[in-house]
Amino acid sequence: MVAQEREFTAPTVQLLTPQGELRPSPEAEAYLPLIEALGDDALEQFYRDMTVSRRIDVTGANLQRQGQLALWVPSLGQEAAQVGSARAARPQDHIFPSYREHIAGMIRGLDPVRIFALLRGATLGGWNPDEVGNFHLYTLVLASQTLHSTGYAMGIRFDGACGTGDPETDAAVLVYYGDGATSQGDASEALVFASSYQTPQVFFVQNNQWAISVPVSRQSRSPLGLRGGGFGMPSLRIDGNDVLVSYAASRVALEEARAGEGPTFIEALTYRMGAHTTADDPTKYRTDDEVGYWAERDPISRYRTWLESRGASAEFFASADEEAADVASDVRKRALELTAPTREKIFEHVYSEAHPLMVEQAAWLDAYENGFEGGAA
């Protein structure tokens, strides 16, 4: 018997068309009041964020090609998904990234040089989330952050830190991962526990169409935006290249989470315009026509067209470009000044206080290194 092909579909929630027109899809009508309530400064900040993100991305890729970074993880093309969702979070919320959410970290207060240090091998850890707006550590272990975030969200629930009715203190968790990571067992286990314990959590999947060289069509026979429903939570698919709907959908989901109404699953349809990482050659597995199709749906160009239609001035766009260039130039300069950590750093944070075992091991390492001709490097 030959298996019959079955089709599964899900509507894509959209506010801005690829042409930059504010024309909400039926499912997006409810989000319009949130956008209408935003002032010019907030709307223009979305553009500034996306522009900075792209310049940082180009800077990182260039530094890697020049031998100054071991690796760079591009986010080119995914700016709207990241900026909109990150701007929807409140200061008390916790964000668990994968390894591509550079601008989300910057929005939370992370110095981008910390990311460059990580990818240059100039740090043994990364950063303390408490010091950077509750933006947690990058992880290269696919989907592991879904479990970390769910455990943290369970703790918020158990501590009574959500659902109190106080928007200044009620907290939620936002976790980012990609379409490839949805195929990992950890991702499904996280959804099970999140639904069972009704965690204050938003699962934000950036479907950039490719898990390195494996297309999303191979990973899932149905839209990922339907997946949350199978675990008993609200689930939707949004246009991930539309910063307005990314913001609005994330804001509503996070507000519901903080209010104690449980988790939401969001699939953001977007596209990785660059390589998976600088160790990857995407020309080996995707076509120029496909890349061209998504280039016409560029999130920054689309949003600029809409801002221009609202009367944004040429001076504003020039200042945004200048700001992005200044940030990227500063990051490049400071990244090139990074030095390798001393080996003493290995022992500094194993225990919160000085520990004799660490003293003993440090002394052993010193003796070992000094035993080579020329002494320790």
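Please read these numbers as outputs of a predicted model, since none were measured by experiment. Throughout, a residue's number is its position along its own chain's written sequence, starting from 1. At least 70 in pLDDT is required for a residue's local features to be given in this predicted model, at least 80 for side-chain atom pairs to be given and counted, and no such filter applies to totals for whole chains, interfaces and linings, which use all residues. Each side-chain value is derived from all of the structure's non-hydrogen atoms; neither hydrogens nor water enter the calculation.

### Side note on the sheet that holds strand E2 (residues 94-96)
Should DSSP find at least two bridges between two strands, the strands are regarded as paired. Secondary structure elements follow DSSP: runs of H or I of four or more residues count as helices, runs of E of two or more count as strands, with numbering from the N terminus. Spatially, the 6 strands line up as an open sheet ordered E1-E7-E8-E4-E3-E2, and their pairing is parallel. In this open sheet, the two edge strands, each paired with only one partner strand, are strand E1 (12-13) and E2. For strand E4 (residues 201-207) and strand E8 (residues 264-269), the ladder comprises 6 bridges, and the chain directions are parallel. Note on E8: the bridge partner recorded for asparagine 207 is leucine 269.

### Points about the pattern of salt bridges
Each salt bridge in this description consists of a side-chain nitrogen of Lys or Arg and a carboxyl oxygen of Asp or Glu lying within 4 Å of one another. Going through the model one piece at a time under the given rule, you end up with 19 salt bridges. Close ionic contact of glutamate 21 with arginine 23 constitutes a salt bridge, the shortest N to O distance being 2.1 Å. Note that glutamate 168 is salt-bridged to arginine 90, the shortest N-O span being 3.0 Å. Of this pair, glutamate 168 sits in the loop between helix H6 (144-158) and strand E3 (173-178) while arginine 90 sits in the loop between helix H3 (79-88) and E2, and the two are 78 residues apart along the sequence. Between buried and exposed lies partly exposed: a residue is buried under 20% and exposed over 50% of the maximum accessible area for its type, with that area taken using a 1.4 Å probe on protein chains only. Here glutamate 168 falls in the exposed class, since its relative accessible area comes to 57%. Classification of arginine 90 by relative accessible area gives partly exposed; the value is 25%. One connected set of salt bridges, linked through shared partners, spans Arg54, Glu79 and Asp298.

### Quick look at the pairing of E4
By the criterion of burial, E4 is predominantly enclosed, with 7 of the 7 residues buried. The alternating pattern of E4 places Gln201, Phe203, Val205 and Asn207 and Val202, Phe204 and Gln206 on opposite faces, both of which are buried. When E3 meets E4, the two strands line up parallel, connected through 6 bridges. Note that in E4 the partner of tyrosine 176 across the bridge is phenylalanine 204. By convention, a crossover is right-handed whenever its connection, traced from the first strand over the helix to the second and viewed with the strands pointing away, goes clockwise. For the handedness criterion, the β-α-β arrangement of E3, helix H7 (residues 185-197) and E4 is classed as right-handed.

### A short note on the packing of aromatic side chains
Here a pair means two rings of Phe, Tyr or Trp (six-membered ring of Trp) with centres within 6.5 Å. Their orientation is stacked below 30 degrees between planes, edge-to-face above 60, and tilted elsewhere. Taken as a whole and assessed by the stated rule, the structure comprises 20 aromatic pairs. Centre to centre, the rings of tyrosine 47 and phenylalanine 317 are 5.1 Å apart; their planes meet at 80°, and the pair counts as edge-to-face. In this pair, tyrosine 47 is assigned in helix H2 (residues 40-65) and phenylalanine 317 in helix H13 (residues 314-336), connecting sequence segments 270 residues apart. Accessibility assignment for this pair places tyrosine 47 and phenylalanine 317 in one class, buried.

### Quick look at the environment of isoleucine 266
By the element assignment, isoleucine 266 lies in strand E8. Distance in space between the C-alpha atoms of isoleucine 266 and valine 202 is 7.3 Å, their sequence separation being 64 residues.

### A look at the nonpolar core
Leu15, Tyr31, Phe46, Ile238, Leu244, Tyr303 and Leu307 are the most contacted members of the largest nonpolar core, which has 69 residues in total. The element best represented in this core is helix H10 (residues 243-258), accounting for 9 residues. Residue contacts are counted whenever heavy atoms from the two residues lie within 4.5 Å of one another. Not counting residues up to four positions away in its chain, the partners in contact with leucine 307 are Leu43, Tyr47, Ala312, Phe316 and Phe317. In this structure, Ala143, Val175, Ala181 and Val216 belong to the second largest nonpolar core, which totals 20 residues. Joining through side-chain atoms within 4.5 Å is the link that ties buried Ala, Val, Leu, Ile, Met, Phe, Trp, Tyr and Cys residues into a set, and such a set is a nonpolar core.

### Considering the packing of H6 against H7
To get an axis, fit a line to the C-alpha atoms, keeping to the stretch in contact for a helix; angles then go from 0 to 180 degrees between the N-to-C directions. Contact geometry of H6 with H7 gives a least axis separation of 8 Å together with a crossing angle of 15°. Relative to H7, the element H6 is oriented roughly parallel. As for the relative orientation of H6 and H7, their crossing is left-handed in sense. Contact residues: H6 offers Ser144, Thr146, Leu147, Thr150, Met154, Arg157 and Phe158, while H7 offers Asp186, Ala187, Glu189, Ala190, Phe193, Ala194 and Tyr197. The scheme is simple: roughly parallel for angles under 35 degrees, roughly antiparallel for over 145, roughly perpendicular for 65 to 115, oblique for anything else. Throughout, a crossing is termed right-handed when the near helix is turned clockwise from the far one, and left-handed when it is turned anticlockwise from it by less than a right angle.

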